[in-house]
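# Coordinates in review
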Amino acid sequence: MEKESVRKKLFRILDTVPALKEIILSSDSIDVKRNKIREFLSQILMATFDDEPTIPPLEWVLSRNAITTFRNILSTRSEKLADYSLLKYIDDLLHKENLKGIEKPSSGFFSEIEHLLRGVMGEAGVYHEKAPAFQKYEGTKAARLRSADLSRMARTAQKFPDRYPCGLDKKVIRKRSINKLRILEYFGATEFEWENWKWHIRNIIRDADTLKSLVKLTNEEYQAVTLAREYKIPFGITPYYLSLMDYEANREKDYAVRAQVIPTTYYVEKMKELREHAEHSMDFMLERDTSPIEGITRRYPSIVTLKPVLTCPQVCVYCQRNWEIEDVYSSNAVISKDKLDKAFQWIADTPEISEVLITGGDPLLLSNNRIENMLFRLSRIKHVERIIIGTRTPVTLPQRITDSLVRDISHFHDPRKREIIIVTHFEHPYEITPQALEAVQKFRRYGMKVYNQLVYTFYNSRKFEAVALRQKLRLIGVTPYYTFNTKGKEETDDFRVPIPRLLQEQKEEARLLPGTVRTDEIVFNVPRLGKNYLRATQHHDIISILPDGRRVYEFHPWEKVTVQVA
Ligand code: SF4
C-alpha cells in the first residue's frame, strides 16, 4: 500500500475539519483522542441547537444527523458490536511506520469519510442552486413561478424512467411475437397450446443446450447453466418467460430478465460449496427457528406464512428459499395431506392469526381444486380475515391466470368477512406485458387487489429504474407494496446493492412520484425477526465504516435483539 498517497488523501479529507485533524495527528492515546473528538462533536451539536442556524435548513438537518452518526461510530459499544474501530484504523493509517498487514482503504472508504465530515460541518453541498425565484413573491405570481419550476423538474425527472424499455412498448410487443413464433416452431406447437399453462409447464427449458437453441448465450451463461444441471441446482425457464428475452446475448435491454433466471458461474459454484458443508445453513432467514409446525412460518403477532408447495415454474437466482426448492416444478414439492391438515388445525387453534400468506414456492402451480380446497378450509376459520396469495405466475406464466381459476378464488373474497389479496413479484418494466396486464386485470375485475414486492438488486437499481417500474405497475393495476434489500446470502453477493443506495432511491427518485405511485415500503429482512423498515431512522443506526467502504448497521427490529449487517 502506498503509505504517502493514503496519507495525502486522508489529510485532504481531514482538512474539512481542522480541529479533528489536530486531535488525530496528536500523539495522544486512542482513548484520549476519542474523548477529545466526542467533546468537539458535542460542542458543535450544542451550537446547532443553541444558535440561529447560519446554514440552509437541509444542511442543518444533515449536520445534526452526521454528528450523531459520527459519535455513535466512535463509541466503544459500537466498536465492540462491529468488532472493529474506525478511529484506530484511521490512526494506524496516519501513524504506523509500516502499513503492511493493514487492510488497504478503498475509494468507497475515502468517499464515506469525506461525506461524513462534510455533513458534520454543514458542508454537504445539497444546495447546488440558488433559492427558487418564487420565494420572493406571493399569490398568483409565486404560484406561477413555482408551477413552472415544478414542470421543469418533472420533465427532467421523467427523462430517466423513459430510458428503460417496457414490455408494453409497441416495438417490444412486436419483438416478442417473433420470439414466440421461434419458440413455438422449435417445439412444434401451436398458438392454441401457447395459451395453455400446462403446455408451458410440460416444456420448461431445463438445460443449456435447449436454451442455446432458442436464444444466444454468452460462454459464461452456457457454462453456468450446464454446471447448475450437473450440480442439481434448480434451473428452469418457462417458454413464456423465455419469450421476454432478446435473441442476442448482449443483455442490452433484457439484462434484468436474463439475470433473474440464468445463474452466474459464481452463484453455481458457491451454491455447490455451501451445500457441501452441512454445518453451513443456507436458511438465511432462519425459518427453522420460526416454524412452529411444518408448512407454517410465524414472525409477526397476527400473520403466518403457509407453504403448501415448495417449487416454482422457474427459480429466481436470488430466491431466499433456494435451499428448500429441490427443482423447478418438481412433483415431490407438494406438502403431504397429513401435514397440510395439521397446519390448518394449527391456524384454527391460534385465534391471534388474522392473516395467512399462502406462498411457497408458488401456490398457483397447484390445481384449481387444491387451491379452492385450501381457501375453503381457511374461510371456515373465523379469525382469518385476510388471505394473501403470493405468486409470481402473472410474471412467469400469465396463462395460469385462467378465468376459471380467478372465479374459483373470487368466491372466497367477501368484503364483509374476508379479503383475498394477490401479491406478485415484478422486477422490471421489461417484464410487464399485455399478457401480464390481462392476468392482473382478471383479479381486479372481481375486486381483488394486486400488490407487488420488488427485490432491489444490481439489475434494477439504476437511476430511476425502480421509478419506471412503479409507474408501469400502477398503470396495469398493481400497487407497489414492499421493496426488499437482497438477503445477505453469500451466493448472491453480486446481486446485492448497498442499503444507502436503496435509501437514496427512496429519498431522491421515488419522492418525485405522486403518493399513489410511491406506495412501497423499503425493508431489510432481519433473520428470524422479519421486516425492518429502512425509512424509519429509529429502526437502525450506522455503527461503523469498514476499510472497503461498507457501512455496518445495527438494526432495532420491533422485537429487539442485537443484529448487525455490514
Ligand atoms: S418466485 Fe419467489 S419463491 Fe419462486 S423462486 Fe422466485 S423468489 Fe423464490
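Read on for a plain summary of the structure. Bear in mind the structure is a predicted one, so any value in this text is a computation, not a measurement.

## Comments concerning the nonpolar core
Of all hydrophobic cores here, the largest spans 148 residues; its most connected members are Leu211, Ile347 and Ile409. If we skip the residues at most four places from it in the chain, Ile347 touches Ile296, Val304, Ile353, Val356, Leu378, Ile381, His383 and Val384. Counting six residues, the second largest nonpolar core, distinct from the first, contains Phe160, Phe464, Leu513 and Val517.

## A few points about helix 21 (residues 434-445)
The end-to-end C-alpha distance of helix 21, which contains 12 residues, comes to 16 Å, matching closely the 16 Å that a straight helix rising 1.5 Å per residue would cover. Of the positions making up helix 21, those classed as buried are Ala436, Ala439, Val440, Lys442 and Phe443. Axial view of helix 21: buried residues confined to an arc of 150 degrees, hence all on one face. The elements touched by buried residues of helix 21 are helix 14 (239-242), helix 19 (393-396), helix 20 (403-410), strand 5 (419-424), strand 6 (449-456) and helix 22 (465-476). Backbone geometry just after helix 21 places Gly447 at a positive phi near 85 degrees.

## Describing the layout of surface pockets
Taken as a whole, the second largest pocket encloses approximately 1100 Å³ of empty space. Around the second largest pocket, the lining comprises 46 residues; the ones closest to its centre are Arg321, Leu357, Thr359, Gln453 and Phe484. Of all the secondary structure elements, the ones that give two or more residues to the lining of the second largest pocket are strand 2 (303-306), strand 3 (355-358), strand 4 (386-390), strand 5, strand 6, strand 7 (479-485) and strand 9 (530-533).

## Considerations on the site of the ligand
Taken together, Cys312, Gln314, Val315, Cys316, Cys319, Gly361 and Arg392 make up the full set of residues adjacent to the ligand. When each cavity is represented as a set of grid points, the ligand is found to reside in the second largest pocket. When grouped by side-chain class, the residues that make up the shell around the ligand number four nonpolar, two polar and one charged.

## Concerning the side chain of Thr433
Position of Thr433 among the secondary structure elements: in the loop between strand 5 and helix 21. Thr433 gets classed as buried once you look at its relative accessible area, which sits at 2%. Side chain to side chain, Thr433 and Tyr240 meet in a polar contact 2.7 Å long. Leaving out residues up to four positions away in the same chain, Thr433 has contacts with Gly167, Leu168, Arg176, Tyr240 and Leu244.

## Some thoughts on the packing of helix 3 (residues 30-50) against helix 4 (residues 57-74)
Contact geometry for helix 3 and helix 4: axes closest at 10 Å, N-to-C directions at 160 degrees. On the basis of their axis angle, the class for helix 3 and helix 4 is roughly antiparallel. You can see that helix 3 and helix 4 cross each other, and the crossing is left-handed. Residues Arg34, Ile37, Leu41, Ser42, Ile44, Leu45, Thr48 and Phe49 of helix 3 pack against Trp60, Ser63, Arg64, Ile67, Phe70, Arg71 and Leu74 of helix 4. For the contact of helix 3 with helix 4, the class distribution of residues is nine nonpolar, three polar and three charged.

Cut-offs and rules
Residues numbered from 1 in each chain as written. Predicted model: local features only at pLDDT ≥ 70, side-chain atom pairs only at ≥ 80, totals over all residues. Heavy atoms only, no water. Core = buried A, V, L, I, M, F, W, Y, C linked by side-chain atoms within 4.5 Å. Buried < 20%, exposed > 50% of the residue type's maximum accessible area, 1.4 Å probe, protein only. Contact = heavy atoms within 4.5 Å. Helix = DSSP H or I, 4+ residues; strand = E, 2+ residues; numbered from the N terminus. Expected span 1.5 Å × (residues − 1). Arc of directions from axis to C-beta. 1 Å grid on protein atoms, 1.4 Å probe; cavity = no way out; pocket = protein on both sides within 12 Å on 5 of 7 lines; lining within 4 Å. Points joined across faces, edges and corners; volume = space filled by probe spheres on them. Near = heavy atom within 4 Å. Sits in = over half its atoms within 2 Å of the grid points. Nonpolar A, V, L, I, M, F, W, Y, C, P; charged D, E, K, R; others polar. Polar contact = N/O pair within 3.5 Å; in protein donor to acceptor, adjacent residues only side chain to side chain. Axes fitted to C-alpha atoms, helices over the stretch in contact; angles between N-to-C directions. Parallel < 35°, antiparallel > 145°, perpendicular 65-115°, else oblique. Left-handed = near helix turned anticlockwise from the far one by under 90°.

Nothing here speaks to function; it is geometry throughout.
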